[in-house]
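# A look at the structure
Each chain, letter by letter, is given below.
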Amino acid sequence: MEEILIRFLIGGVVVSSFALLGEVFRPKTFAGLFGAAPSIALATLGLTILHRGHAYAAIEARSMLLGAIAFFVYASIVSWVLLRYKTHSLVTTLALMPVWFGVALGLYSLLVRWSA
Amino acid sequence: MIVKASLDSLKEIKPHEIGMRFLFGGTCTVAAYLIAKHFGPAVGGLFLAFPAIFPASASLIEKHEKEDKAAVGSDGTERGRLAAGLDAAGTAMGCIGLCGFALAMWFGLPHQRAPIVLVEASLAWLVLAVSTWLLRVRHSDS
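As a starting point, this report considers the structure included with it.

Calculation criteria
- Residues numbered from 1 in each chain as written.
- Chains lettered and ligands numbered in written order.
- Predicted model: local features only at pLDDT ≥ 70, side-chain atom pairs only at ≥ 80, totals over all residues.
- Helix = DSSP H or I, 4+ residues; strand = E, 2+ residues; numbered from the N terminus.
- Buried ≥ 20, exposed ≤ 12 C-beta atoms within 10 Å, placed from the backbone.
- Contact = placed C-beta atoms within 7 Å.
- Rg over C-alpha atoms; globule rule 2.2 N^0.38 Å.
- Nonpolar A, V, L, I, M, F, W, Y, C, P; charged D, E, K, R; others polar.
- Core = buried A, V, L, I, M, F, W, Y, C linked by C-beta atoms within 7 Å.
- Axes fitted to C-alpha atoms, helices over the stretch in contact; angles between N-to-C directions.
- Parallel < 35°, antiparallel > 145°, perpendicular 65-115°, else oblique.
- Left-handed = near helix turned anticlockwise from the far one by under 90°.

### Considerations on the overall build of chain A
On a plain count of helices and strands, chain A comes out with 6 helices and 1 strand. Reading the secondary structure of chain A in the N-to-C direction produces α-β-α-α-α-α-α. Each of the three principal axes of chain A carries a C-alpha extent, and together these read 45 × 40 × 25 Å. When each of the 116 residues of chain A is scored for burial, the buried share is 47%. The long-range share in chain A, meaning contacts at least 24 apart out of those at least 6 apart in sequence, stands at 54%.

### Re the overall build of chain B
Across its full length, chain B holds 5 helices and 1 strand. The order of α-helices and β-strands along chain B, N terminus first, is β-α-α-α-α-α. Radius of gyration (C-alpha) of chain B: 18 Å, far over the 14 Å computed for a compact globule of 142 residues. Overall, chain B is about 60 × 40 × 25 Å in size when its C-alpha atoms are taken along their principal axes. Here chain B holds 142 residues, and the buried ones make up 48% of them. Relative to all contacts within chain B whose residues are 6 or more apart in sequence, the contacts with residues 24 or more apart total 46%.

### Considering the interface of chain B and chain A
Contacts between the two partners involve 73 residues from chain B and, on the opposite side, 69 residues from chain A. Residue assignment for the side of chain B that touches chain A shows that the elements contributing at least two residues are strand 1 (4–5), helix 1 (15–39), helix 2 (41–44), helix 3 (54–71), helix 4 (77–108) and helix 5 (114–141) of chain B. The residue makeup of the side of chain B that touches chain A, split by class, is 53 nonpolar, 15 polar and 5 charged.

### With respect to unusual backbone geometry
The residue after Arg-26 of chain A, namely Pro-27 of chain A, is reached through a cis peptide bond having omega 5°. One can find Pro-27 of chain A in the loop between strand 1 (25–26) and helix 2 (28–32).

### A closer look at the environment of Ser-9 of chain B
Of note, Ser-9 of chain B is situated in the loop between strand 1 and helix 1. Sequence spacing of Ser-9 of chain B and Arg-113 of chain B is 104 residues, and the spatial spacing of their C-alpha atoms is 38 Å. Residue contacts for Ser-9 of chain B: discarding those within four places in its chain leaves Glu-23 and Val-24 of chain A.

### Looking at the nonpolar core
Of all hydrophobic cores here, the largest spans 76 residues; its most connected members are Ala-68 and Phe-71 of chain A together with Cys-95, Leu-98, Ala-102 and Met-105 of chain B. With 16 residues, helix 4 of chain B is the single largest residue contributor to this core. Excluding anything up to four places from it in sequence, Ala-68 of chain A contacts Ala-49, Cys-95, Leu-98, Cys-99 and Ala-102 of chain B.

### Thoughts on the packing of helix 1 (residues 2–24) of chain A against helix 1 of chain B
At their nearest, the axes of helix 1 of chain A and helix 1 of chain B sit 7 Å apart, and the two run at 130° to each other. With respect to each other, helix 1 of chain A and helix 1 of chain B are oriented oblique. Between helix 1 of chain A and helix 1 of chain B the crossing geometry is right-handed. Here Ile-4, Arg-7, Phe-8, Leu-9, Ile-10, Gly-11, Gly-12, Val-14, Val-15, Ser-16 and Ala-19 of chain A of helix 1 of chain A lie close against helix 1 of chain B, whose contacting residues are Ile-18, Arg-21, Phe-22, Leu-23, Phe-24, Gly-25, Gly-26, Cys-28, Thr-29, Val-30 and Tyr-33 of chain B. Classifying every residue of the contact of helix 1 of chain A with helix 1 of chain B gives 14 nonpolar, 6 polar and 2 charged.

### Points about the environment of Leu-47 of chain A
Residue and element names in this part refer to chain A. Residue position: Leu-47 is located in helix 3 (residues 39–52). Overall, Leu-47 belongs to the partly exposed group, with 16 C-beta atoms counted inside 10 Å. For the pair formed by Leu-47 and Gly-32, sequence separation is 15 residues and the distance between their alpha carbons is 27 Å.

Okay, structure coming up:
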């Protein structure tokens, strides 16, 4: 329970700090870079290395690469939709969330097949 | 295109908006840990690049732009959507940096000390994200 609390606090501080950093910069495209800052990874990988070792964290990092590719596809589609159609940003980002899950899990299943 | 930094924009942010990001960030970090614990590091690692606060951030950007326009008596709906779309385009470019971070961690961890790998990976994110942005800006200017 203590570890969960520590991770929650560190995650909250790191993620909100990067979000605030993004608010400071203009133009918007540059500020948007901070939306893809490795905030969750920075918050959690240090503790993971400490408790589970380097090899375990390296496996997480390999999968994180797939998650990052999925994030790229998702954010690109969100941007394309928002700049071309008159949709609400919260509705668009939430409605397109299955894109992230689809790409991330699709790439993961390819990785599993490739490794077998 | 010149990058400007202004701390004044932080004054526009309300405490509950920071609280919401803190809550989403903390929750997603714990979720990534629990998923890794139950399904293994290969599945858990995917969630280290989960767009945790992306929907909330896009919504707040749209809201702030609308409020700014409303303050001068205009309808900022279109501008708000445009700002959120441009921010998302920047986030997509930042994802190139995120891939660099993951690669640096993946290949660095088995051979180097953890603090060194974390610093190298963070620098890889920064350099790749900013370089991608600069290339995109140059390409759109030409």
